[in-house]
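Results of the structural survey
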Amino acid sequence: MRTETPWGPWEPMSLADTVGLLSPLRTPWWIAGGYAVELAVGHAYRDHGDIDVLLLRHHQLAVQRILPDGQWWAADPPGTLRPWLPGEILSSQVHDIWCRPGAGEPWRVQFMLDDAEDGDWVFRRDPRIRLPLERLGKVSEDGVPYLAPEVQLLYKSRSRRPKDEQDFETALPVLGDDQRAWLTETITLAEGADHPWAARLRAG
């Protein structure tokens, strides 16, 4: 699937190719975005315009080494892409990195940086929301690490684009009671008690 952007086209790697690219990493990583929800439910149900991978911020340099000849660009807020130099430690304000094989090539994969503190993942939009790192991700039957669906849905709860609504509806049946309770509590805290997803979760 090819998508045009102001910074050049996206032609994302397949899930299998992305997993293969990341296999040499010895630091934790998780497939994120719509693919994370897809892995949680166990089947494909929609197209994907990109592919996202979550990394912990303090492991950011490890990913540069797996594609040393690639082009790495950091997304400086509020939306400016710039080259990410080899060995550069990105500031805490930078959360997204785009990667492509070379100049003129389509963008292939996006990496997102999240913070951790005292063994907990910290939600970038509201540091009151935390989760032990051992609960941040799951592993598919094929051995693919992916972001826990309740965490991915928390990120999606603000934008609620059509694809986010589809992801929420598709994920609901696979969420356990603890996952539902955590997602209800965190959406309420971050977005307000009147958020429609929180209301839907409370209603069962």
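Parameters at a glance
- Residues numbered from 1 in each chain as written.
- Predicted model: local features only at pLDDT ≥ 70, side-chain atom pairs only at ≥ 80, totals over all residues.
- Heavy atoms only, no water.
- Helix = DSSP H or I, 4+ residues; strand = E, 2+ residues; numbered from the N terminus.
- Rg over C-alpha atoms; globule rule 2.2 N^0.38 Å.
- Buried < 20%, exposed > 50% of the residue type's maximum accessible area, 1.4 Å probe, protein only.
- Contact = heavy atoms within 4.5 Å.
- Areas by Shrake-Rupley, 256 points an atom, 1.4 Å probe, with all protein chains shown as cover.
- Lys, Arg positive; Asp, Glu negative; His and termini not counted.
- Charge placed at Lys NZ, Arg CZ, Asp CG, Glu CD.
- Pairing = 2+ DSSP bridges.
- Phe/Tyr/Trp six-rings, centres within 6.5 Å; stacked < 30°, edge-to-face > 60°.
- Lys NZ or Arg CZ within 6 Å of the ring centre and 35° of its normal.

So, about the overall build of the protein. Helix and strand counts for the protein come out as seven helices and 10 strands. The C-alpha atoms of the protein give a radius of gyration of 17 Å, which matches the 17 Å a tight globule of 204 residues would have. Considering the protein as a whole, with its 204 residues, one finds that 49% of them fall into the buried category. Here the analysis covers contacts within the protein between residues at least 6 apart in sequence; of these, 58% occur between residues at least 24 apart. A total of about 10000 Å² of accessible surface is found on the protein, and carbon and sulfur atoms cover 51% of it. Once the 22 positive and 31 negative side-chain charges of the protein are each reduced to a mean point, those two points are 2 Å apart.

Right, let's talk about the environment of Thr-170 for a bit. Here Thr-170 is to be found in helix H5 (residues 162–171). Once you skip the residues sitting within four places of it in the chain, Thr-170 turns out to touch Val-41 and Tyr-45.

Moving on: the pairing of strand S5 (residues 96–100). Among the five residues in S5, four count as buried, and that is most of the element. In this sheet, S5 lies alongside strand S3 (residues 71–76) in antiparallel orientation, the contact comprising four bridges. Residue Trp-72 lies in a different strand from S5, and its bridge partner there is Cys-99. As judged from the four bridges shared by S5 and strand S6 (residues 109–117), these two strands associate in the antiparallel manner. Looking at the pairing, Trp-98 lines up with Gln-110 of S6.

Let us now look at the packing of aromatic side chains. For the structure on display, the rule yields 11 aromatic pairs. The interplanar angle of 85° and the centroid separation of 5.9 Å between the aromatic rings of Trp-72 and Trp-84 together place this pair among those described as edge-to-face. Of this pair, Trp-72 sits in strand S3 while Trp-84 sits in the loop between strand S4 (80–83) and S5; the two residues are 12 residues apart in sequence, bridging distant segments of the chain. This pair shows no difference in class: Trp-72 is buried, exactly as Trp-84 is. Chaining the aromatic ring pairs together yields one cluster made of Trp-7, Trp-10, Trp-73, Trp-98 and Trp-107. The ring of Trp-107 is capped by Arg-100, whose NZ or CZ atom sits 4.1 Å from the centre of that ring.

Turning our eyes to something else, we now look at the side chain of Thr-18. Position of Thr-18 among the secondary structure elements: in helix H1 (residues 15–22). When residues no more than four places from it in sequence are discounted, the contact partners of Thr-18 are Met-13, Ile-31, Ile-51, Val-53 and Val-109.

Moving on: the environment of Ile-66. Looking at the element boundaries, Ile-66 is found in the loop between helix H3 (60–64) and S3. Residues Ile-66 and Leu-22, 44 residues apart in the sequence, show an inter-C-alpha distance of 7.2 Å. If near-sequence neighbours (up to four positions away) are discounted, Ile-66 is found in contact with Leu-21, Leu-22 and Leu-25.

The analysis is restricted to geometry; functional conclusions fall outside its scope.
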